[in-house]
Amino acid sequence: MASEAWTAYAPLQVPHLMPYLGGTLGIAIRRGEIPGLSHFLLRIHPDSDHNSGTENNLIKQFWEHTFQCRFAPPPAGWVNAGKAVCTGYEDLGNVETSFLDVSDLRSEYNVYKAVYALAYAVNDMMQCVPGRGPFSGNSCANLQRLEPWQLLYYLEKINFTTSIGDQVLFDENGDSLPIYDVMNWVWLPDGRTKVQTVGVVRESASSGEELTLDEDKIFWNFEYIQPPQSVCSESCPPGTRMARKKGEPVCCFDCIPCSDGKISNET
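What counts and how
Residues numbered from 1 in each chain as written. Predicted model: local features only at pLDDT ≥ 70, side-chain atom pairs only at ≥ 80, totals over all residues. Heavy atoms only, no water. Helix = DSSP H or I, 4+ residues; strand = E, 2+ residues; numbered from the N terminus. Rg over C-alpha atoms; globule rule 2.2 N^0.38 Å. Contact = heavy atoms within 4.5 Å. Areas by Shrake-Rupley, 256 points an atom, 1.4 Å probe, with all protein chains shown as cover. 1 Å grid on protein atoms, 1.4 Å probe; cavity = no way out; pocket = protein on both sides within 12 Å on 5 of 7 lines; lining within 4 Å. Points joined across faces, edges and corners; volume = space filled by probe spheres on them. Nonpolar A, V, L, I, M, F, W, Y, C, P; charged D, E, K, R; others polar. Disulfide = S-S within 2.5 Å. Buried < 20%, exposed > 50% of the residue type's maximum accessible area, 1.4 Å probe, protein only. Pairing = 2+ DSSP bridges. Axes fitted to C-alpha atoms, helices over the stretch in contact; angles between N-to-C directions. Phe/Tyr/Trp six-rings, centres within 6.5 Å; stacked < 30°, edge-to-face > 60°. Polar contact = N/O pair within 3.5 Å; in protein donor to acceptor, adjacent residues only side chain to side chain. Core = buried A, V, L, I, M, F, W, Y, C linked by side-chain atoms within 4.5 Å.

(A) Structural view of the overall build of the chain. When its secondary structure is counted, the chain shows five helices and 10 strands. In summary, the chain has a C-alpha radius of gyration of 29 Å against a globular reference of 18 Å for 267 residues, an excess of more than 25%. Viewed in the frame of its principal axes, the chain has a C-alpha envelope of about 100 × 70 × 30 Å. Counted over contacts in the chain with a minimum sequence separation of 6, partners at least 24 positions apart contribute 47%. When the accessible surface of the chain is split by element, carbon and sulfur atoms take 53% of a total near 18500 Å².

(B) Representation of the layout of surface pockets in the model. Of the voids in this model, the largest pocket is the one considered here, and its volume is about 290 Å³. Lining the largest pocket we find 15 residues, and of these N110, K113, S176, L177 and I179 sit closest to its centre. For the lining of the largest pocket, the secondary structure elements donating two or more residues are α4 (107-126), β5 (167-169) and β6 (179-187). In the lining of the largest pocket, the residues fall into 10 nonpolar, three polar and two charged. The computed volume of the second largest pocket comes to approximately 220 Å³. Taken together, A8, A28, R31, S103, D104, R106, S107, E108, M183, V195 and T197 form the lining of the second largest pocket.

(C) Expanded view of the state of the cysteines. The tally for this structure, following the rule as stated, stands at four disulfides. Each sulfur in the disulfide pair C232 and C252 lies 2.0 Å from the other. Disulfide C232 to C252: torsion about the S-S bond roughly 110°, handedness right-handed. One end of the pair, C232, is in the loop between β8 (208-213) and β9 (240-244); the other, C252, is in the loop between β9 and β10 (253-257), and 20 residues separate them in sequence. On the basis of relative accessible area, C232 is assigned to the partly exposed category, the value being 40%. For C252, a relative accessible area of 5% puts it in the buried group.

(D) Representation of the sheet that holds strand β1 (residues 25-29). Overall, antiparallel pairing links the four strands, which are arranged β1-β6-β7-β8 in an open sheet. Strand pairing shows two members of the sheet lacking a second neighbour, β1 and β8, which therefore form its edges. With direction set aside, neighbouring strand axes in the sheet form an average angle of 30°. Across five bridges, the pairing between β1 and β6 is antiparallel. Considered in β6, the bridge of I27 is made with V182.

(E) Broad picture of the packing of aromatic side chains. Under the criterion given, the structure shown has 12 aromatic pairs. Here F62 and F99 contribute two aromatic rings whose centre-to-centre distance is 5.5 Å and whose plane-to-plane angle is 85°, an arrangement assigned as edge-to-face. Of this pair, F62 sits in helix α3 (residues 54-67) while F99 sits in the loop between β3 (84-85) and α4, placing them 37 residues apart in sequence. On the accessibility criterion, F62 (18% relative accessible area) is buried. Judged by centre distance (6.2 Å) and plane angle (45°), the ring pair of Y116 and Y120 falls under tilted. With a gap of four residues between them, Y116 and Y120 both fall in helix α4, about one helical turn apart.

(F) The arrangement of the side chain of T24 in detail. Its location among the elements puts T24 in the loop between α1 (18-21) and β1. We classify T24 as buried; its relative accessible area is 11%. A distance of 2.5 Å separates the side chain of T24 from the backbone oxygen of L21, its partner in a polar contact. When neighbours within four sequence positions are excluded, T24 is seen to be in contact with A2, W6, M183, N184 and W185.

(G) Quick look at the nonpolar core. One finds A117, A121, M125, C128, F135, A141, L151, Y154, I158, F160 and V168 forming the largest nonpolar core, which totals 11 residues. Those elements that provide at least two residues to this core are α4 and α5 (148-155). Of the residues forming this core, the biggest block, three residues, is contributed by α4. With residues near it in sequence (within four places) discarded, F160 still touches K113, Y116, A117, Y120, D166, Q167 and V168. Among the nonpolar cores identified, the runner-up in size contains nine residues, and L41, W63, C69 and C86 belong to it.

Just geometry here; none of it tells us what the structure is for.
Okay, structure coming up:
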């Protein structure tokens, strides 16, 4: 079993370790989806009319790195070396870069939920009717002189569901409901490793802790590709009884025939 710290740790996913680590199960930060993010990223373009802004400078650096070009004026000898000058109209849809990969959003998904939680709290605070507020004298928070504890009051009461069905709220201790993906290291025939999601472990306000597994997807690194037995001895069949093995755990026993005049009709 892998902890969250190394479940997706790529340096361990190498061929010579797979005989030992293939089939590993572990937990990872929940992978989520952020609606509209991919479309938003593909619309990013450097603004040639605003060359001094920090945001635009960062975009230009990203642009030059992605397309291996330089904006005018390029460094001395750049063009003579046959290298490209950026136009700002290059197509991000034609390149592969990790900056645009939205297929494995984990930490980003947590940030997304945090921002939405804050937005819901601020929205609820702004709905406060003077004279009916939750603070001293039935007052509301003053948005121009907002105190952190006033915002915290509303933040503790948020309760919403994301687009993929994850519930976001806080318990009486101020902790958010935990949710993790269950990951499995699949050892592929060509020696590569694929880390796939095979389940979810979560806590819900209504039903408590839940573990959901897609057992048919789990790769077991055994000769017969079957899950390991979780018991020392199989249950005894009818007509036999358990005989404990001295010095071994209570789940380890032999099955011996029942004594004369005795029967066993349960396993």
